[in-house]
Amino acid sequence: MRRPKLEVADVFHRHGADWRKANAGHVSLGQLQVMSAIEQCRSAALGGHVERCEDCGHSRIAYNSCRNRHCPKCQGAAAQDWLAAREADLLPVGYFHVVFTLPAAISPIAYQNKAVVYDLLFRTAAETLLTIAADPKHLGARIGATAVLHSWGSAMTHHPHVHMIVPGGGISLDGTHWVRCKPGFLLPVRVLSRLFRRLFLTALADAHAAGRLQFFGEIAGLGRRQAFAARLAPLRRKNWFVYAKPPFAGPQAVLAYLARYTHRVAISNSRLIALDERGVTFRYKDYRRNGRARYRTMMLSADEFIRRFLLHVLPKGFHRIRHYGLLASAGCKANIERARKLIAAPMPEVEAPTAHDTADPDAVPDHRPPCPCCSGRMLIVEVFGRGGAPRGPPSAAASGT
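In this report, we go over the structure that sits alongside the text. Keep in mind that this is a model prediction, so the values were computed, not measured.

### Some points on the side chain of histidine 49
Here is step 1 of the chain: Examined against the element boundaries, histidine 49 turns out to sit in strand 1 (residues 48–53).
Here is step 2 of the chain: Within polar-contact distance, the side chain of histidine 49 engages the side chain of glutamate 51 at 2.8 Å.

### Looking at the packing of aromatic side chains
Ring pairs (aromatic) are described by centroid distance and by the angle formed between their planes.
Here is step 1 of the chain: Following the criterion strictly, the structure yields eleven aromatic pairs and no others.
Here is step 2 of the chain: On the numbers, 6.0 Å between centres and 85° between planes, the contact of tyrosine 63 with phenylalanine 384 is edge-to-face. With tyrosine 63 in strand 2 (residues 59–63) and phenylalanine 384 in strand 14 (residues 378–384), the pair connects residues that are 321 residues apart, well separated along the chain.
Here is step 3 of the chain: When its relative accessible area of 5% is taken as the criterion, phenylalanine 384 is described as buried.
Here is step 4 of the chain: Feature note: the residues Phe100, Phe196, Phe200 and Trp240 constitute an aromatic cluster, connected by ring pairs.
Here is step 5 of the chain: Its guanidinium or amino end placed over the ring of phenylalanine 318, arginine 322 lies 4.7 Å from that ring's centre, counting from NZ or CZ.

### So, empty space enclosed by the protein
Here is step 1 of the chain: Taken as a whole, this structure holds two cavities of 30 Å³ or more when the rule is applied.
Here is step 2 of the chain: Considering only enclosed or pocket space, the largest cavity measures out at about 110 Å³ in volume.
Here is step 3 of the chain: Residue lining of the largest cavity: 13 residues in total, with His70, Trp152, Val265, Ala266 and His312 positioned closest to the centre.
Here is step 4 of the chain: With three residues, the single largest contributor to the lining of the largest cavity is strand 5 (residues 144–152).
Here is step 5 of the chain: Its residues assigned to classes, the lining of the largest cavity shows seven nonpolar, three polar and three charged.
Here is step 6 of the chain: For the second largest cavity, the full set of lining residues is Leu91, Ile143, Gly144, Pro167, Gly169, Trp178, Leu326, Leu327 and Ile336.
Here is step 7 of the chain: A breakdown of the residues in the lining of the second largest cavity according to their chemical character gives seven nonpolar, two polar and no charged.

### Quick look at the sheet that holds strand 10 (residues 272–276)
Here is step 1 of the chain: Read across the sheet, three strands follow the order 10-11-12 without closing on themselves; strand pairing throughout is antiparallel. A strand with exactly one partner marks an edge of an open sheet, and here the two such strands are strand 10 and strand 12 (295–300). Shown here is a sheet whose adjacent strand axes are inclined to one another by a mean of 20°, direction ignored.
Here is step 2 of the chain: Set on the sheet, helix 1 (residues 8–22) makes contact with strand 10 and strand 11 (279–285); between it and strand 10 the angle comes to about 15°.
Here is step 3 of the chain: The sheet contacts of helix 9 (residues 302–310) involve strand 10, strand 11 and strand 12, and relative to strand 12 the element is tilted by about 110°.

### Let's talk about the nonpolar core
Here is step 1 of the chain: Counting 52 residues, the largest nonpolar core has Val117, Leu129, Met164, Phe196, Phe200 and Leu204 as its most contacted members.
Here is step 2 of the chain: Breaking this core down by element, the ones donating at least two residues are strand 3 (95–101), helix 4 (107–112), helix 5 (114–134), strand 5, strand 6 (158–167), helix 6 (189–209) and helix 7 (225–232).
Here is step 3 of the chain: Here this core takes eleven residues from helix 5, the largest share from any one element.
Here is step 4 of the chain: Aside from chain neighbours lying at most four places away, what touches phenylalanine 200 is Leu102, Ile106, Val117, Leu120, Leu121, Thr124 and Trp240.
Here is step 5 of the chain: Residues Ala9, Met35, Leu46 and Val280 belong to the second largest nonpolar core, which totals 33 residues.

### Considering the side chain of asparagine 335
Here is step 1 of the chain: Within the element layout of this structure, asparagine 335 appears in helix 10 (residues 332–343).
Here is step 2 of the chain: Side-chain polar atoms of asparagine 335 contact the backbone oxygen of leucine 326, separated by 3.1 Å.
Here is step 3 of the chain: Excluding its chain neighbours within four sequence positions, the residues that come into contact with asparagine 335 are Arg142, Ile171, Gly325 and Leu326.

### Here's the deal with the pairing of strand 1
Regular strands show a simple pattern: their side chains alternate between the two faces of the sheet.
Here is step 1 of the chain: Burial runs high along strand 1: five of the six residues are buried.
Here is step 2 of the chain: Where strand 1 and strand 2 come together, five bridges link them in antiparallel fashion. Across the sheet, histidine 49 pairs through a bridge with alanine 62, a residue of strand 2.
Here is step 3 of the chain: As consecutive antiparallel partners, strand 1 and strand 2 are separated by five residues, and within that stretch glycine 57 has a phi angle of approximately 85°, a positive value.

Calculation rules
- Residues numbered from 1 in each chain as written.
- Predicted model: local features only at pLDDT ≥ 70, side-chain atom pairs only at ≥ 80, totals over all residues.
- Heavy atoms only, no water.
- Helix = DSSP H or I, 4+ residues; strand = E, 2+ residues; numbered from the N terminus.
- Polar contact = N/O pair within 3.5 Å; in protein donor to acceptor, adjacent residues only side chain to side chain.
- Phe/Tyr/Trp six-rings, centres within 6.5 Å; stacked < 30°, edge-to-face > 60°.
- Buried < 20%, exposed > 50% of the residue type's maximum accessible area, 1.4 Å probe, protein only.
- Lys NZ or Arg CZ within 6 Å of the ring centre and 35° of its normal.
- 1 Å grid on protein atoms, 1.4 Å probe; cavity = no way out; pocket = protein on both sides within 12 Å on 5 of 7 lines; lining within 4 Å.
- Points joined across faces, edges and corners; volume = space filled by probe spheres on them.
- Nonpolar A, V, L, I, M, F, W, Y, C, P; charged D, E, K, R; others polar.
- Pairing = 2+ DSSP bridges.
- Axes fitted to C-alpha atoms, helices over the stretch in contact; angles between N-to-C directions.
- Contact = heavy atoms within 4.5 Å.
- Core = buried A, V, L, I, M, F, W, Y, C linked by side-chain atoms within 4.5 Å.

Dropping the structure here:
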């Protein structure tokens, strides 16, 4: 696996120290920890091991990963392991992609109260979907959904929204049969939007009344009940954004899509183009344009790039992938089995997920890229700890894979 020409870690290495100094007192511990993890990822600071090809004898150094969920280098392996576990839960039906987005006026409140507001976004979006689906006027069934939080737009601005992957149907309310949705249609988005708006604003107002929200800087005045109510009033009349895409073309398409979305971070290393004295240049999508004009480039100063990247650091312990309804973890296996019987589908055979390298110097991964010289199998011949070094040099230049 080749290292990209430019990585987020390179921006941090070159400008991170100055950025920390300039923003001292305004950076959270979590943000500092993310910066440190990305800077150390797949470097000698975390230790690693020496691999040697059993056929041609080629050797290389492989450094351990930080495994931080915000690290662009670590999420590919994490996504594949997660997907392998999820494959057994796929049903032989069409799947829909539904997006619930918070209005821009909520964004500053969400940023200063991530744990509370992001949780409300999850819960109210799921309640909206399950409630409308259970209504006999619509689907009249118990459905399931996998939800993934994204807090960014393509240019790394703060844009909280939840992606939901939803099977096209559900178990009837009396539990006797499978209810299929109409071809190419899950649920009416206008109905979803209105209920989502009402549920979220009610829950947000309740959180404010209970003293669960905090406000600083330009929005400090929202701590007052009247000011907060005035902020929400226009949002009660505005159309909220709920979008439902057409169904996927089969279960494998669902997995491919999930692979791109579940463990995505604010920006991938592959989107970075250049780092120079002017700043960081990267690719992004302008969704206000169509066709090829949508794909554009942007340059930000290094300070602004780091600021935007760190906007999306999640609170410690916050789960950004959640399952609801039939797919809720408590009864997921039983519900999937019941749904398959009603649809009359066999259970798939799924291979166990492969393990990947960790930040633990004593951990031994069992999945490695093949030898770059002869494609032979690479064997671990030496392990060294954090800050350590191998006893002897490898036969070729060290790699961070």
